[in-house]
Each structure stands twice: as C-alpha cells, then as structure tokens.
Amino acid sequence: MSFSGVRTEVAPRARLRDLFATARRAALDALYPPTCLACRAATGAHGGLCPACWRAMRFIERPFCDRLGTPFEQDLGEGLLSPQAIADPPVFRRARAVARFEDGPARRLVHRLKYSDRGDLAQPLGAWMARAGADVLADADAVVPVPLHPLRLWKRRFNQAAALAQAVAKVGGKPFEARWLMRVKATRSQVGLTREQRAVNMQGAFRVAPGAPISGLRIVLVDDVLTSGATANAAARALLRAGAADVDLVVLARVVTGA
Ligand SMILES: [Zn+2]
C-alpha cells in the first residue's frame, strides 16, 4: 500500500524531531529549572505561576465595566458601564486588564518586569494580556506601546510596555508599531501627585511620529499598569488628534478603586 509506505517514510523523521525537541526541553529545564514568574519558587513548567501565587492573583473577570474594565460585584448584563465611567469618561474607549494591581502577585510581576531587565517575562505576561484583551484586540489594526522618554529609555535600557506590546501583538496576530507614538516630554514621576496634578503633568507628553499612517485606524495601546489613567489618556489623546479612529487599552494590571 502506498499510504502505509508514505507513513513509514515520514513517521520516523517526525518521531526523531519530537525526540530532539523533548531532549532539548529537558536540557534547558536542567540548565534553567522552571520557576514562578512572581516569587521564583520551583514550578512544573516555564512561564507560569506557582499554585500559591495563582491563588493570590486577583484576576479580573467578567462581569466588568465595558469602558473601564473594572469588575462588577453582580452581573447586570452585557455592555454595562460603571458610574465612574459615566461621570468621568476616559479618552480611550475601552480598557482591559489581566489582574488587580493593589495586592497579590501582580505588583511583584510589574516590578520584576520593570526593574530586573527580565525581557523573558514579557512573553508569558503578554499572552495573558492578549487573552484578557481578546475583544478589543479583535477589532484592532495595530498594537502600540506607551513609549518611554528617550532619556529614561537610555537609563533603563528596556521599555517594559514595548516588550509586553510586542508579545500581545504576536499572540493577537496584529502589527506591532513601536515607532508611531513618541514621548516628547520628560515628565516627573507621578507618585504622590493627585489625579488633577497627574493629568497636568502628562499634558503634551506624547506626539505621533511624523508620517505614521494612523489615520482611521483602531489602535490598541499597551502599558504595564493603569493607575489614574493620566498617562493612557494623554497617549490616547495624541493618537486621536492625529486621526486614529479609536484607541483601546490593554494593561497587565490596574488599580481598582470603589469597585
Ligand atoms: Zn509564586
């Protein structure tokens, strides 16, 4: 039979490939044993959390405010907005986040990503973000990171938002555009500022790169954390002024107040 002939010809090669892949993985695991992304305890597989961190992680799930992505206590139906979203609507259209930032391992993940030069964290975290933001990504034309000011980037050598955005774009199958949005103002730290002060501090901080073809496009902005929304609003405003049709936001973690 010709079919079985084909099968016996191909199968050993495929099996050999699998064997090599398994051996390679085993060798890598021996060199770099899998650890929890948040607390570095030993785990069974790469790119995940240990059981304790998994339980402590405050994942944001539906039902949530369609606009702000903040969780609701009760499910009152699809497309509902929180009082906060109605009273003080953000510049961006919709925000989606993997988890709450205030407590639990999310804060540690953000901190590790930002300060320990751990680019390899971005891939698994970006995959979570793509899942949390699946509905906004489905409508998107491009994924754009919230940029750092060149001076800050030079000092830190790593923009965590760009690393996350690249992973989100890859998983979501959308173009990653790191050069469309620029940070033109070296803003002071937002820590300790009031909501109003933060908004003033971020005014004019972003500009769309000359010639960036964003007119009429639906953009997904990516950042690591959403706190007051001042940064995301300023970035979204710059994109909308340059002609973007819509700006949504996907972050790893967000602060949830009054919910
Ligand atoms: Zn852990």
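Quick caveat, the model's predicted, so the values are computed rather than measured.

Moving on, we come to the environment of histidine 149. Of note, histidine 149 is situated in the loop between β2 (142-145) and α7 (150-156). Judged by its relative accessible area of 17%, histidine 149 falls in the buried class.

Glancing now at unusual backbone geometry. The step from arginine 62 to proline 63 runs through a cis peptide bond, and the omega angle for that step is 5 degrees. On the secondary structure map, proline 63 appears in the loop between α2 (51-56) and α3 (83-87). Look at arginine 40: it is not a glycine, yet its phi comes out positive at around 70 degrees. Structurally, the position occupied by arginine 40 is in the loop between α1 (2-31) and α2.

In this section: the nonpolar core. Leu49, Met57, Leu109, Leu125, Trp128, Met129 and Val222 are the most contacted members of the largest nonpolar core, which has 36 residues in total. Apart from the residues lying within four places of it in its own chain, the contact partners of valine 222 are Met129, Val143, Val144, Pro145, Val146, Ala161, Leu164, Ala165, Val168 and Val250. By size, the runner-up hydrophobic cluster in this structure holds 32 residues, among which are Ile60, Ala97, Ala142 and Leu226.

Turning our eyes to something else, we now look at the environment of arginine 241. With respect to the secondary-structure elements, arginine 241 resides in helix α10 (residues 230-241). Using a relative accessible area of 70% as the deciding quantity, one classes arginine 241 as exposed.

Rules of the game
- Residues numbered from 1 in each chain as written.
- Predicted model: local features only at pLDDT ≥ 70, side-chain atom pairs only at ≥ 80, totals over all residues.
- Heavy atoms only, no water.
- Helix = DSSP H or I, 4+ residues; strand = E, 2+ residues; numbered from the N terminus.
- Buried < 20%, exposed > 50% of the residue type's maximum accessible area, 1.4 Å probe, protein only.
- Core = buried A, V, L, I, M, F, W, Y, C linked by side-chain atoms within 4.5 Å.
- Contact = heavy atoms within 4.5 Å.

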